[in-house]
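Spelled out, the chains give:
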Amino acid sequence: MRIKIDSFGNYIPLLDPSELYRPGSNDKFRNYTLNEETEIQKRVRETYRLMHTNQTVDFVKGRIDNWCSFDKFEMTIMEALEKLNCLVDESDPDVDLPNIVHAFQTAERIREKHPQYEWFHLTGLIHDLGKIMALYGEPQWAVVGDTFPVGCAFSDSIVYRSSTFDDNPDLKVPEYSSKLGIYSENCGLKNVSMSWGHDEYLYRVLKNHKCSLPEEALFMIRYHSFYPLHTEGDYRYLCDDEDIAMIPWLKEFNKFDLYSKADDIPDVQALMLYYQGLIDKYIPGLVKW
């Protein structure tokens, strides 16, 4: 098996094509069509309308300044997970369950398919923890849902692109209207401002905490909601070589994030001991949020 050394000096096995999890086709997930508009679909579309109206370059800068001072509260990873027991994602058309259930579903499916990658199990467990912002005053349209770059043209691959961006102020800024906008070809995603949400927030929280998760895990956390990239293949012109090398991990993670929604509800209490051990290893102690 191929091996690389990450920035922490850890030996990390690289995914081999034979190890990839390939779920069967399931068209019932991520159904955003309005042919049979349910109450959930109405809620989802309104969340995206607010997101696509308000997510601008200036808004993102303001949220980074506000949330990335890491002075809101201190809480362990497990305490944050338990907080998510009362949060239902308003952007999700597939399920209407507390987010903690989805966290353990994702982690356990990864553990089943990749038992040797314990850090990957933990990544699945914590990937949505940034949604805790919604419990501390942030509206869900600035927390949940698919992410996309700001400061350049909005791609057609963004959910509801044709019907929810009309009132976004950045459409009137010529500097942001071209394909590259304020960026340069292959500048690297680390130099791109993404719409503000739980992905970017948790990534920055973990970096500030100096956790020992490998860069593969941090990349998956930071961009797992960037569906235009990992599912539609869009925005690759903003990616550098490091990003391109990470995309297979991102696509692999997405299969568990999405398709685990069909699983039975796991016994959270029975799994606590295993995952607490991983937390103690990779993200110990009180975390500043």
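Since the model is a prediction, treat every value here as computed from it, not as a measurement.

> Account for the packing of helix H4 (residues 99–113) against helix H5 (residues 118–126), with residues named and values stated.
In contact at an axis separation of 7 Å, H4 and H5 are set at 160° when each is read in the N-to-C sense. Accordingly, the angle class assigned to the pair H4 and H5 is roughly antiparallel. Read as a crossing pair, H4 and H5 show a hand that is right-handed. Touching Ala103, Phe104, Thr106, Ala107, Ile110 and Arg111 of H4 are Phe120, His121, Gly124 and Leu125, all from H5. Of the residues belonging to the contact of H4 with H5, the class tally is 6 nonpolar, 3 polar and 1 charged.

> I'd like to hear about the packing of aromatic side chains, residue by residue, with values.
For the structure on display, the rule yields 22 aromatic pairs. Their ring planes at 85° and their centres at 5.7 Å tell us that Phe148 and Phe154 sit as a pair that is edge-to-face. Residue class for Phe154 comes out buried when judged on its relative accessible area of 7%. Taken together through their ring pairs, the aromatic side chains of Trp67, Phe73, Tyr136, Trp196, Tyr201 and Trp289 make up a single cluster. Over the aromatic face of Tyr274 sits the side chain of Arg111, whose NZ or CZ is 3.7 Å from the ring centroid. We note Lys179 situated over the ring of Tyr237; from NZ or CZ to the ring centre the distance is 4.3 Å.

> Explain the UniProt feature "binding site: Fe cation" (unreviewed entry) in the protein chain residue by residue, including any values.
The UniProt record marks His102, His127, Asp128, His198, His224 and Asp257 with the feature "binding site: Fe cation" (unreviewed entry), using the residue numbering of this structure. Its location among the elements puts His102 in helix H4. Classification of His102 as buried rests on a relative accessible area of 9%. Topologically, Asp128 is positioned in the loop between H5 and helix H6 (161–164). With a relative accessible area of 5%, Asp128 lands in the buried category. Discounting chain neighbours no more than four positions away, the residues touching Asp128 are Leu84, Asn99, His102, His198 and His224.

Each value, and the rule that gives it
- As a convention, each chain's residues are numbered from 1 in the sequence order in which they are written.
- Reporting in this predicted model follows two pLDDT cut-offs: at least 70 for local features of residues, and 80 or more for side-chain atom pairs to be given and counted; totals over whole chains, interfaces and linings ignore these cut-offs and use all residues.
- The basis for every side-chain value is the complete set of non-hydrogen atoms in the structure, without hydrogens or water.
- For helices, the fitted axis covers only the stretch in contact; all axes are lines through C-alpha atoms, and the angles between them, taken along N-to-C directions, range from 0 to 180 degrees.
- Each helix is a run of H or I in the DSSP string that is no shorter than four residues. Each strand is a run of E no shorter than two, and both are numbered from the N terminus.
- For classification purposes, an angle smaller than 35 degrees is called roughly parallel, one larger than 145 roughly antiparallel, one from 65 to 115 roughly perpendicular, and anything else oblique.
- Each helix crossing is assigned a hand: it is left-handed if the near helix lies turned anticlockwise from the far helix by less than a right angle, otherwise right-handed if that turn is clockwise.
- We call two residues contacting when some pair of their heavy atoms lies within 4.5 Å.
- Amino acid classes used here: Ala, Val, Leu, Ile, Met, Phe, Trp, Tyr, Cys and Pro are nonpolar; Asp, Glu, Lys and Arg are charged; the rest, including Gly, are polar.
- Geometry of aromatic contacts follows a simple scheme: Phe, Tyr and Trp rings, the Trp one being its six-membered ring, pair when their centres are within 6.5 Å, and the pair is stacked under 30 degrees between planes, edge-to-face over 60, tilted otherwise.
- Think of it in three bands: with a 1.4 Å probe and only protein chains considered, a residue is buried below 20% of the maximum accessible area for its type, exposed above 50%, and partly exposed in between.
- A ring is considered to have a charge above it if a Lys NZ or an Arg CZ atom is located within 6 Å of its centre and within 35 degrees of its normal.
- UniProt positions are given in the numbering used here, feature names are shortened, and annotations may be inferred rather than shown by experiment.

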